[in-house]
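The chain contents come next:
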Amino acid sequence: MILIVSHEGDAHVPMVTTHLDRASRPWALLASDRLGDGLSLSFSLEQGRPEISAALASPSCGRIEFDAITAVWNRRRIVAPVRTEERGVDPALHQYVREQRLALLEGTLDGLPARWINSPASLSAARPKLDQLRRVAALGLTVPPTLASDDPHAVRAFAEAHGSSGVITKVLSPGTPIVPDGIPQYVIFTHRFDASATRDEAISAAPAIYQAEVQKAWEARAIVVGERVLCCKIDSQASPATRLDWRRYDFERVGHSILRLPDEVAAALVALCRSYGLVYAAADLAFTTAGAWIFY
């Protein structure tokens, strides 16, 4: 039995379950957004022996037998907002309920003795961006000069040192949303940092990552699955909208194509994932106009 933890309407799930059905592999979807709305979980502990039950996985697959689960695709955990007819409910209440539901979900599932893609512990270990950069550099991949700080003097000195190439800034962590899941979230994209137009108070208000800007020929999204690396070339420089951050999608101008990474770059990405215990991961790379691969 393969347990898929995601949400109803996740378009990625049918792409996988179609193959599972063809291979006659049993699976069940635990739609985490149904928690509090048709899906209930229970964890009990009697004489040291934990018992877990789910009242409903989804309308199509009914009750989940946790003892039968041998693998978990930990796809995405989204929990539903507070059930209310009112609008404008205090975001703090939404956040409280969200955290409690996630705590039940995590506490119930994360101890399952199954093969995980990916295990919660591995995901947690791999989340800090600065640790990723530290490990990547140790593995021999090139990382642009980087500073993470909320010290205006350090940030301005860094910007001055790399003034000829320019400096970009990005978030250290996307953080925890303060509005219910399913409600549009704000995304902070990569921006150029203009030291002359930024006050010290703004720099010290919150730490951020600052990096020397590299001249990109194109970018790539590498997907690591076990020992395999699949890569997509993203022609991000073809559109003004995507030159700094390809997530500002412009599919009409920005081409996507299959790309084979150099063996040494692919091997370093596999080693990075192995160091975290990840079975699956995605990594963003840039190929510069000088002919170098950059992990950023």
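Just above sits the structure.
This report concerns the structure included in the present document. (Residues numbered from 1 in each chain as written. Predicted model: local features only at pLDDT ≥ 70, side-chain atom pairs only at ≥ 80, totals over all residues. Heavy atoms only, no water.)

### A word on helix H2 (residues 91-109)
Stated precisely, the cut-off is as follows: Runs of E in the DSSP output that reach at least two residues are strands. Runs of H or I that reach at least four are helices, and both are numbered from the N terminus. The span you would expect from a helix comes to 1.5 Å times its residue count less one. Each residue's exposure class comes from its accessible area (1.4 Å probe, protein chains only) as a fraction of the maximum for that residue type: buried when under 20%, exposed when over 50%, partly exposed otherwise. Directions are taken from the helix axis to each C-beta atom, and the arc is the one they span.
Taking 1.5 Å of rise per residue, 19 residues should cover 27 Å, and H2 covers 27 Å from first to last C-alpha, within 8% of that figure. Considered for burial, the residues of H2 that qualify are His-94, Gln-95, Val-97, Arg-98, Arg-101, Leu-102, Leu-105, Thr-108 and Leu-109. Seen along its axis, H2 keeps its buried residues to an arc of 165 degrees; they face one direction.

### Description of the sheet that holds strand E2 (residues 27-31)
Test applied: We treat two strands as partners when DSSP finds at least two bridges between them. Axis angles are defined between N-to-C directions and span 0 to 180 degrees, where every axis is a line fitted to C-alpha atoms and, for a helix, only to the segment in contact. Only heavy atoms enter the contact rule, under which two residues are in contact if any of them lie within 4.5 Å.
Here 4 strands make up an open sheet; going across it, the order is E2-E1-E5-E6 and the pairing parallel. Strands with a single pairing partner mark the edges of an open sheet, and in this sheet they are E2 and strand E6 (115-117). Pairwise comparison of adjacent strand axes, ignoring direction, gives a mean angle of 20 degrees for this sheet. Here strand E1 (residues 2-6) pairs with E2 via 5 bridges, running parallel. Residue pairing across strands places Ile-2 opposite Trp-27, the latter belonging to E2. Sheet strands in contact with helix H1 (residues 12-22) are E1, E2 and strand E5 (71-74), and its direction is about 170 degrees off that of E1.

### Quick notes on the sheet that holds strand E11 (residues 216-225)
Taken in spatial order, the 5 strands of this open sheet run E13-E12-E11-E14-E15, and their pairing is antiparallel. Both outer strands of the open sheet, strand E13 (256-258) and strand E15 (293-295), are each paired with one neighbouring strand and no more. The average undirected angle you get between the axes of adjacent strands in this sheet is 30 degrees. Pairing between strand E14 (residues 280-288) and E15: 3 bridges, direction antiparallel.

### Some details on the packing of aromatic side chains
Going by this rule: Note on aromatic pairs: the rings of Phe, Tyr and Trp (six-membered ring only in Trp) are paired at centre separations within 6.5 Å, and the planes decide the class, stacked below 30 degrees, edge-to-face beyond 60, tilted for the rest. Ring-over charges, as used throughout, are those where CZ of Arg or NZ of Lys falls within 6 Å of the ring centre and within 35 degrees of the ring normal.
Tallying each qualifying case throughout the model produces 5 aromatic pairs. Arranged with centres 4.6 Å apart and planes meeting at 15 degrees, the rings of Trp-218 and Phe-287 form a pair that is stacked. Of the two residues, Trp-218 is situated in strand E11 and Phe-287 in strand E14; the sequence distance between them amounts to 69 residues. Aromatic rings pair up to connect Trp-218, Phe-287 and Trp-293 into one cluster. Taking NZ or CZ as reference, Lys-216 lies 5.9 Å from the ring centre of Tyr-296, over its face. A cation sits over an aromatic face here: Lys-233 above Trp-218, 4.1 Å from the ring centre.

### What to know about the state of the cysteines
Here is the rule: Cysteine sulfur pairs qualify as disulfides if the two atoms are within 2.5 Å.
Per the counting criterion, the structure on display carries 0 disulfides. With no disulfide partner, Cys-231 has as its closest neighbouring cysteine sulfur the one in Cys-232, 7.1 Å distant.

### Observations concerning the pairing of strand E8 (residues 167-170)
Both faces of E8 are covered, namely the face carrying Val-167 and Thr-169 and the face carrying Ile-168 and Lys-170. Both E8 and strand E10 (residues 208-212) contribute to a ladder of 4 bridges, which runs antiparallel. Each residue of the ladder has a partner; that of Ile-168, found in E10, is Gln-211.

### Quick word on the packing of helix H4 (residues 129-138) against helix H7 (residues 263-276)
Let me state the cut-off plainly: The cut-offs work like this: below 35 degrees is roughly parallel, past 145 is roughly antiparallel, 65 to 115 is roughly perpendicular, and the gaps in between are oblique. Note on convention: near helix rotated counterclockwise from far helix by under a right angle means a left-handed crossing. Clockwise means right-handed. Gly falls in the polar group here, along with every residue not listed as nonpolar (Ala, Val, Leu, Ile, Met, Phe, Trp, Tyr, Cys, Pro) or charged (Asp, Glu, Lys, Arg).
In the contact formed by H4 and H7, the axes pass within 10 Å of each other and the chain directions differ by 130 degrees. Classed by the angle they form, the pair H4 and H7 counts as oblique. Judged by the sense of rotation from one axis to the other, the crossing of H4 with H7 is right-handed. The segment H4 lies against H7, with Asp-131, Gln-132, Arg-135 and Val-136 engaging Leu-272, Ser-275 and Tyr-276. When grouped by side-chain class, the residues that make up the contact of H4 with H7 number 3 nonpolar, 2 polar and 2 charged.

### Section: the nonpolar core
Stated formally: We define the nonpolar core as a collection of buried residues of types Ala, Val, Leu, Ile, Met, Phe, Trp, Tyr and Cys that are connected through side-chain atoms lying within 4.5 Å of one another.
Of all hydrophobic cores here, the largest spans 25 residues; its most connected members are Leu-261, Leu-269, Leu-285, Trp-293 and Phe-295. At 8 residues, H7 tops the list of elements feeding residues into this core. Not counting chain neighbours up to four residues away, the residues in contact with Leu-269 comprise Leu-141, Ala-222, Val-224, Leu-261, Ala-283, Leu-285 and Phe-295.

### Concerning H1
Listing the buried residues of H1 in full gives Val-13, Thr-17 and Leu-20. Projected onto a plane normal to the axis of H1, the buried residues spread over an arc of 50 degrees and lie on a single side. Residues Met-15 and Arg-22 are exposed on H1 and point more than 90 degrees away from its buried face. Those residues of H1 that are buried lie in contact with E1, E2 and E5. One or two residues past the end of H1 sits Ser-24, with phi positive at roughly 55 degrees.

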